[in-house]
Amino acid sequence: MSAGKLNEQAKGVYIIAATPFTDEGAVDLQSVDSLTDFYLGCGVHGFTLLGMMGEAHKLTADESISVVNRVIGRAQGRQVIVGVSHAGLENVRRLSHEAMMAGASGVMVAPSPGLKGDEALYNYYAQVFQALGPDIPVVYQDYPQTTGVYLPVNVFERLVDDFPQLVMLKHEDAPGLAKLTKVRDGEKKPGRRRVSILVGNGGLYYPQEMRRGADGAMTGFAWPEMLVQVYELFAQGRPEEAEDLFDIYLPLVRHEVQPAIGLALRKEVLFRRGAIKSPKQRAPGSSLMAADRTELDGMIARLERRLAATGRLAKAAE
């Protein structure tokens, strides 16, 4: 079932979905189902598949489309964005069209690693938009910590002005608050189009980014209900309450973004919460030590105590 195409008005929490694997490393479609249901139960407004957290680079083309079809068929009308970044432009084009045919609402593209200079970056996306055509909505994934490609605000504004199919910025530059403000200020100029901005970086700067004009979050924090509740409090004009709630979860937000083991921690939490059958990553992947699990035990227990003390009865882990 199609949820309609992504546009500049998109708001809320588009969860970056993990890709579940069996202990033997095969894609676990039953856990794709249970994970989708878990995310829906947390109140997410949409899904983003085959992102970096989704281990997309470890999937075959057939596996990628299988996961996309499975989630779209179970997403209860929520919009689904599919990550299609690839070194080869033909692969970007093919996966994009297959995802849209499956019912995706749009695609997300990161710049090719190693691009140097404003013109090279602009020209790369011009080629992407030409290859995809005007009917596929595109999310620019701005994650220079991984791609090594910095997006200047003036280049993004040129792309927005020249290509109407660019409807969203996935903002993950860090520190990036000043960039977010500059984008929003630039949109106030006559004739400038406002696009949706969803933020990532594990949610580390989420409340501040919401105050600066973000429309929501696109990240994979293993307690998605917090992301949703913070968004809803901001939407209701209650930013101080949103910050207070965020602060309860902040130690685990910080803990999850550790280099090397962040995905292992997220999958471990999703496993403990009953969302997936195994925390396994497809090789090569990271793993947790006994000490890591003990630390996680203590942090989850403290989270539950803090939630209980504030009258929030939802358990942090099953």
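Rules and cut-offs
- Residues numbered from 1 in each chain as written.
- Predicted model: local features only at pLDDT ≥ 70, side-chain atom pairs only at ≥ 80, totals over all residues.
- Heavy atoms only, no water.
- Phe/Tyr/Trp six-rings, centres within 6.5 Å; stacked < 30°, edge-to-face > 60°.
- Helix = DSSP H or I, 4+ residues; strand = E, 2+ residues; numbered from the N terminus.
- Buried < 20%, exposed > 50% of the residue type's maximum accessible area, 1.4 Å probe, protein only.
- Lys NZ or Arg CZ within 6 Å of the ring centre and 35° of its normal.
- Pairing = 2+ DSSP bridges.
- Right-handed = clockwise from strand over helix to strand, strands pointing away.
- Salt bridge = Lys/Arg side-chain N within 4 Å of Asp/Glu carboxyl O.
- Contact = heavy atoms within 4.5 Å.
- Axes fitted to C-alpha atoms, helices over the stretch in contact; angles between N-to-C directions.
- Core = buried A, V, L, I, M, F, W, Y, C linked by side-chain atoms within 4.5 Å.
- Expected span 1.5 Å × (residues − 1).
- Bend = angle between axes of the 7 residues up to and from the residue.
- Polar contact = N/O pair within 3.5 Å; in protein donor to acceptor, adjacent residues only side chain to side chain.
- Parallel < 35°, antiparallel > 145°, perpendicular 65-115°, else oblique.
- Left-handed = near helix turned anticlockwise from the far one by under 90°.

Caption draft 1: Inspection of the packing of aromatic side chains at higher detail. Taken as a whole and assessed by the stated rule, the structure comprises ten aromatic pairs. For the pair tyrosine 122 and phenylalanine 163, a centre-to-centre distance of 6.0 Å together with 45° between the ring planes defines the contact as tilted. Of the two residues, tyrosine 122 is situated in helix α4 (residues 118-132) and phenylalanine 163 in the loop between α6 (153-162) and β6 (166-171); the sequence distance between them amounts to 41 residues. The class for tyrosine 122 is buried, based on a relative accessible area of 11%. Taken together, Tyr122, Tyr124, Tyr125, Phe129, Tyr140, Phe156 and Phe163 form an aromatic cluster joined through their ring pairs. The positively charged end of arginine 158 is found above the aromatic ring belonging to tyrosine 122, 3.9 Å away from the centroid.

Caption draft 2: Representation of the pairing of strand β7 (residues 196-199) within the structure. Neither face of β7 is left uncovered, since the one carrying Ser196 and Leu198 and the one carrying Ile197 and Val199 both have all their residues buried. Judged from the four bridges that link them, β6 and β7 form a sheet pairing that is parallel. Within β7, the position partnered with lysine 170 by the bridge is leucine 198. Crossover connection from β6 via helix α7 (residues 177-186) to parallel β7: handedness right-handed. As paired strands, β7 and strand β8 (residues 216-217) are joined by two bridges and run parallel to one another. Bridging across to β8, valine 199 finds its partner in alanine 217. Handedness of the crossover joining β7 and β8 through helix α8 (residues 206-211): right-handed.

Caption draft 3: The pattern of salt bridges, seen in detail. In this structure the tally under the stated criterion is 27 salt bridges. Here arginine 158 makes a salt bridge to glutamate 119, at a shortest N to O gap of 2.9 Å. Taken together, the residues arginine 158 in helix α6 and glutamate 119 in helix α4 connect sequence positions 39 residues apart. We classify arginine 158 as partly exposed; its relative accessible area is 29%. Lysine 179 is the partner of aspartate 173 in a salt bridge, and the nearest nitrogen-oxygen pair spans 2.9 Å.

Caption draft 4: View of the sheet that holds strand β3 (residues 79-83). Around the barrel, eight strands lie side by side as β1-β2-β3-β4-β5-β6-β7-β8; this closed barrel has parallel pairing. Taken strand by strand, α6 contacts β5 (138-142) and β6, and its axis lies near 155° from that of β6.

Caption draft 5: Fine view of the nonpolar core. Of all hydrophobic cores here, the largest spans 105 residues; its most connected members are Tyr39, Phe47, Tyr206, Tyr249 and Leu270. The residues contacting tyrosine 206, other than those within four sequence positions of it, are Val13, Val199, Gly216, Ala217, Leu227, Val230, Tyr231 and Phe246.

Caption draft 6: Summary view of helix α10 (residues 239-256). Taking 1.5 Å per residue as the helical rise, α10 with its 18 residues ought to reach 26 Å, and the 24 Å between its terminal C-alpha atoms agrees with that figure. Of all the bends found along α10, the most pronounced is centred on tyrosine 249 and spans about 55°, while proline 251, a proline, follows it within four residues. Of the positions making up α10, those classed as buried are Ala242, Glu243, Leu245, Phe246, Ile248, Tyr249, Leu252, Val253, His255 and Glu256. Of the surrounding elements, those touching the buried residues of α10 are α8, α9 (224-235), α11 (262-272) and α12 (290-309).

Caption draft 7: Layout of the pairing of strand β4 (residues 106-109). Alternating positions in β4 separate into two faces, Gly106 and Met108 on one and Val107 and Val109 on the other, with burial throughout. The pairing of β3 with β4 spans three bridges and is parallel. Among the inter-strand pairings, valine 82 is bridged to a residue of β4, identified as valine 107. Crossover connection from β3 via helix α3 (residues 89-102) to parallel β4: handedness right-handed.

Caption draft 8: View of the environment of histidine 86. In this structure, histidine 86 sits in the loop between β3 and α3. Taking C-alpha positions, histidine 86 is 8.6 Å from histidine 57, a pair spaced 29 residues apart along the chain. For histidine 86, the contacting residues outside a window of four places in its chain are Asn91, Val92 and Tyr124.

Caption draft 9: View of the side chain of serine 278. Its location among the elements puts serine 278 in the loop between α11 and α12. Residue serine 278 is classed as buried on the basis of its relative accessible area of 5%. One polar contact links serine 278 to aspartate 23, side chain to side chain, over a distance of 2.6 Å. Excluding residues that lie within four positions of it along the chain, serine 278 makes contacts with Phe21, Thr22, Asp23 and Phe271.

Caption draft 10: Highlighting the packing of α10 against α12. Across the interface, α10 lies against α12 with an axial gap of 8 Å and an inter-helix angle of 160°. Between α10 and α12, the angle is such that the two are roughly antiparallel. Along this stretch, α10 crosses α12, giving a crossing that reads as left-handed. For the pair α10 and α12, contact is made by Ile248, Tyr249, Pro251, Leu252, Arg254 and His255 and by Glu295, Leu296, Met299, Leu303, Arg306 and Leu307, respectively.

Caption draft 11: Examining unusual backbone geometry more closely. Omega for the peptide link from alanine 174 to proline 175 comes to -5°, which places this bond in the cis form. Summarising the element assignment, proline 175 is placed in the loop between β6 and α7. Here the residue pair alanine 283 and proline 284 is connected by a cis peptide bond, since its omega of -5° sits within 30 degrees of zero. Phi is positive for glutamine 76, which is not a glycine, with a value near 55°. Tracing the chain through its elements places glutamine 76 in the loop between α2 (61-72) and β3.

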